[in-house]
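Descriptive analysis of the structure
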Amino acid sequence: MDLFQKCYDYTAAKEAMEAGIYPYFHYLETGQDTEVIMEGRHIIMIGSNNYQGLTSDRRVIEAAKEALLKYGTGCSGSRFLNGTLKLHMELEERLAKFLNKEAALTFSTGFQSNLGIISALAGRNDYIICDKENHASIYDACRLSYAKMVRYEHNDMEDLERKLREIPDNKGKLIVTDGVFSMRGDICNLPEIVRLAEKYGARVMVDDAHGLGVIGEHGRGTAEYYGLEDKVDIIMGTFSKSLASLGGFMAASEEVIHYVKHNSRPFIFSASIPPANAAAALKALEIIEQEPWRIKNLLSIADYMRQGLKKMGIPILDSETPIIPIMTYETERTFLATKMLFEEGVYVNPVIVPAVPPGQCLLRTSYTATHTKEQMDRAMEAIGKVFSKLPPVKPKEGKAN
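What counts, and at which threshold
Residues numbered from 1 in each chain as written. Predicted model: local features only at pLDDT ≥ 70, side-chain atom pairs only at ≥ 80, totals over all residues. Heavy atoms only, no water. Salt bridge = Lys/Arg side-chain N within 4 Å of Asp/Glu carboxyl O. Helix = DSSP H or I, 4+ residues; strand = E, 2+ residues; numbered from the N terminus. Buried < 20%, exposed > 50% of the residue type's maximum accessible area, 1.4 Å probe, protein only. Domains from an automatic or database assignment. Contact = heavy atoms within 4.5 Å. Buried area = accessible area lost by both parts, 1.4 Å probe. Polar contact = N/O pair within 3.5 Å; in protein donor to acceptor, adjacent residues only side chain to side chain. Nonpolar A, V, L, I, M, F, W, Y, C, P; charged D, E, K, R; others polar. Pairing = 2+ DSSP bridges. Axes fitted to C-alpha atoms, helices over the stretch in contact; angles between N-to-C directions. Right-handed = clockwise from strand over helix to strand, strands pointing away. Phe/Tyr/Trp six-rings, centres within 6.5 Å; stacked < 30°, edge-to-face > 60°. Lys NZ or Arg CZ within 6 Å of the ring centre and 35° of its normal.

If you walk through the whole model with that rule in mind, you get 27 salt bridges. The residue glutamate 62 makes a salt bridge to lysine 65 at a minimum N-O spacing of 3.3 Å. Separated by three residues within a single helix, glutamate 62 and lysine 65 lie in helix H3 (residues 58-71), roughly one turn from each other. Judged by its relative accessible area of 31%, glutamate 62 is partly exposed.

We now examine the domain arrangement of the protein. By domain assignment, the protein separates into domain 1 (11-44 + 291-386) and domain 2 (56-288). Computed over C-alpha atoms only, the centres of domain 1 and domain 2 are separated by 27 Å. Taken together, the contact pairs 19 residues of domain 1 with 22 residues of domain 2. A combined buried area of about 1,500 Å² lies between domain 1 and domain 2, and 55% of that area is made up of carbon and sulfur atoms. The interface formed by domain 1 and domain 2 contains two salt bridges. Close ionic contact of arginine 59 with glutamate 291 constitutes a salt bridge, the shortest N to O distance being 2.7 Å. Run the count over domain 1 and domain 2 and you get seven residue pairs in polar contact (both at pLDDT 80 or more). Counting only elements with at least two residues in the side of domain 1 that touches domain 2, the list comes to helix H13 (293-311), strand E10 (323-329) and strand E13 (361-366). Here the side of domain 1 that touches domain 2 takes four residues from H13, the largest share from any one element. In terms of residue class, the side of domain 1 that touches domain 2 is made up of eleven nonpolar, three polar and five charged.

The strand order across the open sheet formed by three strands is E1-E2-E11, and the pairing between neighbours is mixed. On the outer flanks of this sheet lie strand E1 (35-38) and strand E11 (346-347), each paired with one strand and no other. Sheet topology places strand E2 (residues 41-45) next to E11; two bridges connect them, and they run parallel. Paired with isoleucine 44 across the two strands is valine 346, which belongs to E11. On top of the sheet, helix H15 (residues 373-389) reaches E1, E2 and E11; it is set at about 105° to E2, its chief contact.

Time to look at the side chain of serine 264. Along the chain, serine 264 falls in the loop between helix H10 (254-263) and helix H11 (265-268). Its relative accessible area of 0% is what places serine 264 among the buried residues. Looking at serine 264, its side chain comes within polar contact range of the main-chain oxygen of glycine 116, at 2.9 Å. Contact partners of serine 264, with chain neighbours within four places excluded, come to Phe107, Gly116 and Ala120.

Of all five residues that make up strand E7 (residues 203-207), four are buried, and the element is covered over most of its length. Relative to E7, strand E6 (residues 172-178) is paired through five bridges, and the arrangement is parallel. Considered in E7, the bridge of threonine 177 is made with valine 206. Following the backbone out of E6, through helix H8 (residues 190-200) and into the adjacent parallel E7, one traces a crossover that is right-handed. Pairing of E7 with strand E8 (residues 234-238) involves three bridges; the strand directions are parallel. Paired with valine 206 across the two strands is isoleucine 235, which belongs to E8.

Taken as a whole and assessed by the stated rule, the structure comprises five aromatic pairs. With a centroid separation of 5.4 Å and 85° between ring planes, the pair formed by tyrosine 22 and tyrosine 24 is classed as edge-to-face. For tyrosine 24, a relative accessible area of 32% translates into the label partly exposed. Taken together, Tyr22, Tyr24 and Phe335 form an aromatic cluster joined through their ring pairs. Sitting above the plane of the tyrosine 146 ring, arginine 124 keeps its charged end 4.5 Å from the centroid.

Written as structure tokens, this is what we have:
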């Protein structure tokens, strides 16, 4: 059989293109901001992860430019060998201090961070216990690690305890959870996860890609939000969201960081973060520390949008974060809503199976600290207009929440 036969047989995307509802790969003609130009259209952006609004901040841009001029365009090697800059060391020190951990380690991407952390720490004789709605990179990391992966129902602490109870006492156990879940916008039950970890002798890792700079009084994420910073063993995060750059990191004890940096294949065999990216993340972190108003604005604008959508009767999943899912239920209906909103000048992200269960398709909307209420009013007007024209949900596909 021809290896490429699967490529020839794949028609789903082309069918959506032919139907005129293909929602992916719209290109930007401006930088990422609250309003952008996409394919010649002026668009209100409520589909990015630019939570702090720093990707277009002049201070972040200037920091990246200075690093580019000083260090060049890349590092030409792995951190393990010739690719470590003083800038990387400074960024790691600042991250560790910010998150109240002994040390930190940076990776080239957020996806690679999960691959590198989990595959280094968990092996054939260990167990990784995962929330079913964790990031895809966590699941790929479990495969790379060769550890036994056990999944528990989303945020179901009774199921988590059942799974932990079944694992032999003499096995290493790592509970891995998203802090803020990227599709639904809900927050993990960290207090109960920590309690169960202590009861069953497990370690805890929180993927705070969508929590850093988003929740917690100082933006330190899920552990700070719950007052459990000293109870979480590993905090993982990315630079591509609140920190306005590209890359990822882990923060943990000195011993754990030392072990990972000498045993993580994705870390050892990848080129290091380019200088401009490291400098941008460092400057964004500094701004988050110095300007706490951004977090208050972020949560305020999200709440304004949430309450407005509820009053309009738009079906949403409730959350306490700047991620607000709007339910569309069916794939075709989701793609159609995305297209219609784009034509009305609003960008959202369509989420379909397998990212969500069948019959639970949604539009993932997310907000930025620098959004204005005037922009939200225009976005809500467009959403109301589009939803008034959408075909009804087929009964077999799902019911409104």
